[in-house]
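# Chains, contacts and geometry: an overview
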Amino acid sequence: MSESVKVAVRCRPMNARELQQGCRNVVTVDPASKCCTLECPAAGGAGNGKVYQFDAAFDPQETTESVYENVGSVIVEAVLDGYNGTVFAYGQTGCGKSHTMRGFIERALDHIFEATSTASAQMRYLALLSYLEIYNERLRDLLQDGVSDMLTLKEDPNRGTYVAGGLREVTVKDAAECARLVEQGDRRRAAAATKMNAASSRSHAVLTLSLETLAINEENSKTENTVKRGRLHLVDLAGSERQARTGATGDRLKEAASINLSLSALGNVISALAAGHGRHVPYRDSKLTRLLRDSLGGNARTLMIACLSPSDVDAEETLSTLRYAARARCIKNKPVINEDPKDALLRQYQLELQRLKKLLESNDQSLVKEIPLTEESTWNEQSVKQEKYAEEVDRLKKECENSNLSAQKLREELETLKIRYETGTVSNARPKLVSQQLDEQDLEREERRRKKREAAMQEVLKRLEKLTIGGEEQGNAELRRRREKRRKKLEALASALETSAQEGNGSVFQVYGQLRSTEDALKRMAKRVKQLEAEAGDLQASWDAERRDLLRRELLISQICDAMVPHLRPGCPFRDVASVRAAATWCDELSRWRLPDVSPHISLPPASLVPKDSIQYNIMASKPDLNNNSNNKDNEDEIGNEADNEESSEQEDVKKPDIVDTYFRRNRIDKLLAHVREAKTFESCNRLSKSGGSEDAIPFGGNHLQLNALNLQSSAPVIGDLDSYKLTQRLPTGQTSRPGWMLEENSTNSKSSLVNQTIKRNPPRILEALPSYPQGTNGAFKLGNKSISDRISDKLSSRFIHNQVDDNHSTLLEHARSPTY
Ligand SMILES: Nc1ncnc2c1ncn2[C@@H]1O[C@H](COP(=O)(O)OP(=O)(O)OP(=O)(O)O)[C@@H](O)[C@H]1O
């Protein structure tokens, strides 16, 4: 039947160093509920701790004796019944492992020898003690010097893991003898001072007491009595430590590395065993785990004592210890009573006794039966028996040597028996020879001798039996009563522990099972997530490629627009793509964008100073402005008025009109500005024709080839098209023109044909064009930082200056007629 590893937690009190440093207590132990709570320093404050439940929990006030009586004694009692038992202390350095185990050793030995001494006379026990340490991954015998290099670990299907190479096993009879040996061993054990512990163990120490039990059945001596063997391992592990805290250097550091390595291997074994499901258990990773193989997951009843420091500075290590301890509770062992182990010394001893008895009996019978035999045949038979006996004793001797070198005393006694027996048989043989010739008187004498031999044999048996122990205190009634009481109490305690362990582990295993299935589900999900990530990566890559392509196209458009902007007339409201884009609206019906009207039909009134007959208006080329007929009329009136007003001067300057002087007269400028100020309302900037462009007249070849070029979806001419455009298609032969939306610098190459240029005769489209202009705070319309009137003034004055140096009259005319902003 399997049973789980029992785990008890023990917290030591604060030591002087911790009190001096003002460390805080972060461990709370509740013995009643067997719970241990560790406050999380990160979470801050009480009530935020992690709670772990164990088979037993001991607070700092509990004595080692109490700990032993409550949990340790159960394991020792099991060893007396023939089970293997292991008690090991686990925890960080300086948390009280050695302190606990020293107390346990003392009490366990007392317990065992109390039990053997109060046992019945029929019970014989053979107790063998060994003490070894694992230091830097090497086995060392703590009970003798000089053989340590030869010690190795071996595994055997029958014996389990054992130490070969001469580990000393001492036959012990009482607790005092054991205590002396343990003390010797402790003196040999490696210990050194570190910052964390003045006497820190630098090795793992394993004290093993092997107890063989034989129940002698006196009534039926012919039936073989069973031998049971229980082995108790008391393990004081070295503590895990951090170099930074222990301040270990040199040898101490090397020891610490080895200690931590083997402890981590132990942790892995515990984890693997706790996980179960046939997971590989890495026992072979260290000597410690190989040695504890039976104790963890094997044939043993095991108790783990997790030792804790209460201090907040050790909280991290304490948490780690608690986690391993909680895991260890899930380990399932399969303890069985070890009956008749092949290598049991007591079994060999028992067999030897039986053999001797048989030999004596056969000798007695032969004494009677052999009387008729001849002298020669008797001698032959006797020699065969002696040979057989010698062989048998040699075989036993070898077995003893192979199995256990430390059973020195037992071997010596066997040797004595052999010699006595041989002497007896030899001396036996001669009287037999003589007996044939002896008369009745001699037979009586021989009978007396035979009785003497039997008495000698009994003495040998008694001496052999002295090697074993048992029943020494049979007469001590008080001790026997105490022992009986303890036995009953331990029986109850063992069953209570088992029940609580099953209950605890029931829920633990349930939770563990759930965790396993959750883990499996998580693994599946992780796999799916990986697939989806790969798909997302593919999509992202293609999206990136698309995005790059779009960005390039956008860049191309921007570059095209940037290249076109210098060719636009200054003052165009949409001189960059961003402003066009901001003004654009999406039309669901058309499934296309409505672009703003980018055609600023701002035509300044033509200077009427030029003699009418010297200007040829291309009326055919202009188209009536459907939106602004009244303006046309006004303009005509205005022109008419101007013509009237200046009629006399025109007549005077018919031959050589002073255009500049007239055009820029003060009242003329004022009129222009008045026009601007009159503009009060705007049409929406989205005056779109069906084609998406403006329906306004576009005098071909004139100065009103508009900014529809910006309207990329409409009938915007492209630069290449413009270059190849045949002006003659729309103009009378010989007339030339230049695109009005081109920069003026490029437009001065056709002065000679100025008079043939088309001039939009419609009144200026200020009202329509202005909406796109930002409005100043005082109601004046602005272009950039200047009001439109300022701009016009600037423009006019600059032209005026320019024209002063230009003596070509036609140039002046051209400028005067060119629509400006
Ligand atoms: N329960 C306790 N009550 C009182 N003192 C204790 C207790 N546990 C430990 N101590 C004291 O704490 C000190 C360190 O204990 P101990 O040497 O047993 O630690 P350890 O875990 O074996 O350390 P290491 O792993 O370094 O060997 C000792 O002086 C010991 O007496």
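Residues numbered from 1 in each chain as written. Predicted model: local features only at pLDDT ≥ 70, side-chain atom pairs only at ≥ 80, totals over all residues. Heavy atoms only, no water.

Within an unreviewed UniProt entry, the label attached to the chain reads Kinesin-like protein, and the organism entered is Melipona bicolor. As recorded by UniProt, the Subcellular location (unreviewed entry) comment attached to the chain reads in full: "Cytoplasm, Cytoskeleton". Per UniProt, the comment on the chain under Sequence similarities (unreviewed entry) is "Belongs to the TRAFAC class myosin-kinesin ATPase superfamily. Kinesin family." (UniProt positions renumbered as here; feature names shortened; annotations may be inferred.)

Turning to the pairing of strand E11 (residues 160-164), a few remarks are in order. Within E11, five of the five residues are buried, which leaves the element mostly enclosed by the surrounding structure. Pairing geometry for strand E10 (residues 152-156) and E11, over five bridges, is antiparallel. Within the sheet, the bridge partner assigned to Asp156 lies in E11 and is Gly160. Counting the residues that bridge the hairpin from E10 to E11 gives three residues. (Buried < 20%, exposed > 50% of the residue type's maximum accessible area, 1.4 Å probe, protein only. Helix = DSSP H or I, 4+ residues; strand = E, 2+ residues; numbered from the N terminus. Pairing = 2+ DSSP bridges.)

Moving on to the site of the ligand. In the neighbourhood of the ligand, 16 residues make up the surrounding shell, with Thr93, Gly94, Lys97, Ser98 and Ser200 lying closest. One of the side-chain nitrogen or oxygen atoms of Ser200 is found 2.6 Å away from an oxygen atom of the ligand. Coverage of the ligand by the protein chains reaches 76% of its 620 Å² of free accessible surface. For the shell around the ligand, the secondary structure elements donating two or more residues are helix H3 (97-117) and strand E14 (200-201). Looking at the shell around the ligand, the element that brings in the most residues is H3, giving three residues. (Near = heavy atom within 4 Å. Polar contact = N/O pair within 3.5 Å; in protein donor to acceptor, adjacent residues only side chain to side chain. Areas by Shrake-Rupley, 256 points an atom, 1.4 Å probe, with all protein chains shown as cover.)

It is worth spelling out the packing of aromatic side chains at this point. Inspection of the entire model under this criterion finds four aromatic pairs. Taking 6.5 Å as the distance between ring centres and 20° as the angle between the ring planes, the aromatic pair formed by Tyr52 and Phe54 counts as stacked. By the burial criterion, Tyr52 is buried, and Phe54 matches it. Both rings, one in Tyr68 and one in Phe104, keep their centres 5.3 Å apart while their planes meet at 85°; by these two values the pair is edge-to-face. One end of the pair, Tyr68, is in helix H2 (residues 64-80); the other, Phe104, is in helix H3, with 36 residues separating them in the sequence. Residue Tyr68 shares its accessibility class with Phe104, and that shared class is buried. (Phe/Tyr/Trp six-rings, centres within 6.5 Å; stacked < 30°, edge-to-face > 60°.)

All told, the structure shown has 23 salt bridges when counted by the stated rule. The salt bridge involving Glu133 is made with Arg140; its shortest N-O contact spans 2.7 Å. Residue class for Glu133 comes out buried when judged on its relative accessible area of 0%. For Arg187, the salt bridge goes to Glu183, with nearest N and O atoms at 3.4 Å. With a gap of four residues between them, Arg187 and Glu183 both fall in helix H4 (residues 175-188), about one helical turn apart. Counted as one network, the salt bridges with shared partners bring together Glu69, Glu114, Arg482 and Arg486. (Salt bridge = Lys/Arg side-chain N within 4 Å of Asp/Glu carboxyl O.)

UniProt marks Gly91, Gln92, Thr93, Gly94, Cys95, Gly96, Lys97 and Ser98 with the feature "binding site: ATP" (unreviewed entry), using the numbering shown here. Position of Cys95 among the secondary structure elements: in the loop between strand E7 (85-90) and H3. Sequence-distant contacts of Cys95, that is, excluding residues within four places in its chain, are made with Arg12, Cys307, Leu308 and Ser309. Topologically, Gly96 is positioned in the loop between E7 and H3. (Contact = heavy atoms within 4.5 Å.)

Sheet strands pair by backbone hydrogen bonding; their relative direction is either parallel or antiparallel. Overall, antiparallel pairing links the three strands, which are arranged E3-E4-E5 in an open sheet. With partners counted over all chains shown, the strands left at the sheet margins are strand E3 (27-30) and strand E5 (50-53), one partner each. Each strand of the sheet is rotated relative to its neighbour by a mean of 20°, with strand direction disregarded. The sheet strands contacting helix H8 (residues 315-328) are E3, strand E4 (35-38) and E5, and the helix crosses E5 at an angle near 35°. (Axes fitted to C-alpha atoms, helices over the stretch in contact; angles between N-to-C directions.)

What follows deals with the pairing of strand E16 (residues 227-236). The buried fraction of E16 amounts to nine of the 10 residues, a majority that puts the element mostly inside the structure. The pairing of E7 with E16 spans five bridges and is classified as parallel. Pairing of Val87 across the sheet is with Leu234, part of E16. Examined bridge by bridge, strand E15 (residues 204-215) and E16 share 10 bridges and lie antiparallel to one another. Opposite Leu209, over in E16, you have Leu232 as the bridge partner.

This part takes up the state of the cysteines. For the structure on display, the rule yields zero disulfides. Not engaged in a disulfide, the cysteine Cys35 finds its nearest cysteine sulfur in Cys36; these two sulfurs lie 8.6 Å apart. Exposure remark for Cys35: the relative accessible area of 15% places this residue in the buried category. (Disulfide = S-S within 2.5 Å.)

Attention shifts here to the environment of Gln184. Take Gln184: it is sitting in helix H4. Considering only alpha carbons, one finds Gln184 and Tyr131, 53 residues apart in sequence, at a separation of 9.7 Å.

Okay, helix H6 (residues 251-275) next. Compared with an ideal rise of 1.5 Å per residue, which puts 25 residues at 36 Å, H6 spans 36 Å between its outermost C-alpha atoms and is within 8% of the ideal. Positive backbone phi, approximately 65°, marks Gly276, located one or two places after H6. (Expected span 1.5 Å × (residues − 1).)

To continue, consider H2. Taking the largest bend as the criterion, H2 deviates by roughly 50°, centred on Gly72. Of all 17 residues that make up H2, 14 are buried, and the element is covered over most of its length. Just past H2, the residue Gly82 takes up positive phi, approximately 105°. (Bend = angle between axes of the 7 residues up to and from the residue.)

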